[in-house]
Amino acid sequence: MEITYEHSRRISAKEFRDVLERTTLGVRRPLDDEECLNAMLSNADLVCTSWAGDRLIGVARSVTDFVYCCYLSDLAVDEKFQGRGVGRRLIRLTQSRLGPRAKIILLAAPGAQSYYPHIGMEQHPSAWVVPSQSPVS
C-alpha cells in the first residue's frame, strides 16, 4: 500500500489518539483526555502526517516560530510501519515547512533514543525540564 504525506491535513483527537496507541509514545501521552488531545492539536503550529490509504499511520506535531527553532514534540509512527522510513520522511516534511536557519529540537522517548543518531540527528549535551506544576525557585 502506498504511503502518502501531508502537512496541511487536519486530524481529529480520535485519529491522534488511535495512532499514538499504536506506538510506544502512547504510554507517555494523555490518551484518556480528549480535551487535552484537542488542545495539543489546535495549539500546534505544524502537524505533518503520514497515511496508508485513509488510515493515519504517523504524525509529527511541532511547536515552532518557523525561523529559528522547531520543537518536535511528538514523532509517532504505527509500529507496523516502522523501519520503512516513515519517521525520517515526517521529519523531512517538517523541515521543508521551516526556514533554512530553523533547527529541529526534540526530547527522545526512552525506547527511541537509538533511532535519532541513526537518521543523522546530533545529541545535545543538556536539556532541562520544569515538571508540570513545579515552581522554579
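Residues numbered from 1 in each chain as written. Predicted model: local features only at pLDDT ≥ 70, side-chain atom pairs only at ≥ 80, totals over all residues. Heavy atoms only, no water.

It is worth spelling out the packing of aromatic side chains at this point. Applying the stated rule across the entire model yields 1 aromatic pair. Ring plane angle 75° and centroid distance 5.2 Å describe the contact between Y115 and Y116, whose orientation is recorded as edge-to-face. Over the aromatic face of Y68 sits the side chain of K103, whose NZ or CZ is 4.0 Å from the ring centroid. (Phe/Tyr/Trp six-rings, centres within 6.5 Å; stacked < 30°, edge-to-face > 60°. Lys NZ or Arg CZ within 6 Å of the ring centre and 35° of its normal.)

Before going further, it helps to spend a moment on a nonpolar patch on the surface. A contiguous nonpolar patch, built from V63, Y71, I105, L107 and V129 and spanning about 450 Å² of accessible area, is present on the exposed surface. The residue V129 is located in the segment after α4 (115-118) in this model. V129 gets classed as exposed once you look at its relative accessible area, which sits at 61%. (Patch = residues over 30% accessible without salt bridge, like charges linked within 9 Å, V, L, I, M, F, W, Y side chains within 5 Å. Areas by Shrake-Rupley, 256 points an atom, 1.4 Å probe, with all protein chains shown as cover. Salt bridge = Lys/Arg side-chain N within 4 Å of Asp/Glu carboxyl O. Helix = DSSP H or I, 4+ residues; strand = E, 2+ residues; numbered from the N terminus. Buried < 20%, exposed > 50% of the residue type's maximum accessible area, 1.4 Å probe, protein only.)

Membership of the largest hydrophobic core comes to 39 residues, with the highest contact counts inside it found for I11, F16, L20, V59, L72, L75 and L90. If you list the elements that add at least two residues to this core, you get α1 (13-21), α2 (34-42), β2 (46-52), β3 (55-64), β4 (69-77) and α3 (86-96). The residues contacting L75, other than those within four sequence positions of it, are L25, V59, A60, G87, L90, I91, Y115 and Y116. (Core = buried A, V, L, I, M, F, W, Y, C linked by side-chain atoms within 4.5 Å. Contact = heavy atoms within 4.5 Å.)

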